[in-house]
Amino acid sequence: MDRKFYYRYKLGDLVEFQKDRITEEYLDFRKVTGIIVEQSYRITKDNVYRIQVGDEKYWIPEPRITLLSSANK
């Protein structure tokens, strides 16, 4: 049985997500823009994407990502 996995976003897509920083003193919510560099298919949960922002990389679930610009083939 051949299964095909579906990813909403492609490698190289420019995306935006909200990065939260919560401390005892304050809440900091900011929008971060980055490029998708890796995909991970999850059977029981949302697919996650590794997004590079400058020198840092984050694993973000699909529902938290907003597409800004699609990568060309």
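Residues numbered from 1 in each chain as written. Predicted model: local features only at pLDDT ≥ 70, side-chain atom pairs only at ≥ 80, totals over all residues. Heavy atoms only, no water.

Student: Run through the nonpolar core, naming residues and quoting values.
Tutor: One broad rule of soluble globular proteins: the nonpolar side chains tend to lie buried together. Core analysis: the largest hydrophobic core is formed by 10 residues, namely Tyr9, Val15, Phe17, Val32, Ile36, Tyr49, Ile51, Tyr58, Ile60 and Ile65. Every element with two or more residues in this core is listed here: strand E1 (14-22), strand E2 (27-40), strand E3 (48-53) and strand E4 (56-61). When residues no more than four places from it in sequence are discounted, the contact partners of Tyr58 are Phe17, Lys19, Tyr49, Arg50, Ile51 and Val53. (Core = buried A, V, L, I, M, F, W, Y, C linked by side-chain atoms within 4.5 Å. Buried < 20%, exposed > 50% of the residue type's maximum accessible area, 1.4 Å probe, protein only. Helix = DSSP H or I, 4+ residues; strand = E, 2+ residues; numbered from the N terminus. Contact = heavy atoms within 4.5 Å.)

Student: With reference to specific residues and values, describe the confidence of the model for the protein.
Tutor: Looking at the protein, the pLDDT average stands at 87 and 92% of residues meet or exceed 70. Looking over the protein, one finds the lowest element-wise mean pLDDT in E1, namely 90, and the highest in E3, namely 95. (pLDDT = per-residue confidence, 0-100.)

Student: Report on the side chain of Asp13, specifying residues and quantitative values.
Tutor: By secondary structure assignment, the location of Asp13 is in the segment before E1. No salt bridge is formed by the buried Asp13; its nearest oppositely charged neighbour, Lys10, is found at 4.8 Å. For Asp13, the side chain forms a polar contact with the main-chain nitrogen of Ala71, separated by 2.7 Å. If sequence neighbours within four positions are ignored, Asp13 has contacts with Gly34, Ile35, Ile36, Leu67, Ser69, Ser70 and Ala71. (Lys, Arg positive; Asp, Glu negative; His and termini not counted. Salt bridge = Lys/Arg side-chain N within 4 Å of Asp/Glu carboxyl O. Polar contact = N/O pair within 3.5 Å; in protein donor to acceptor, adjacent residues only side chain to side chain.)

Student: Which residues make up the packing of aromatic side chains, and what are the values?
Tutor: Summed over all chains, the structure comprises three aromatic pairs. Between Tyr9 and Tyr49 the ring centres are 5.5 Å apart and the planes differ by 75°, which places this aromatic pair in the edge-to-face class. Remark: Tyr49 occurs in strand E3 and Tyr9 occurs in the segment before E1; sequence separation between them is 40 residues. By the burial criterion, Tyr9 is buried, and Tyr49 matches it. Following the ring pairs from residue to residue traces out a cluster consisting of Tyr7, Tyr9 and Tyr49. (Phe/Tyr/Trp six-rings, centres within 6.5 Å; stacked < 30°, edge-to-face > 60°.)

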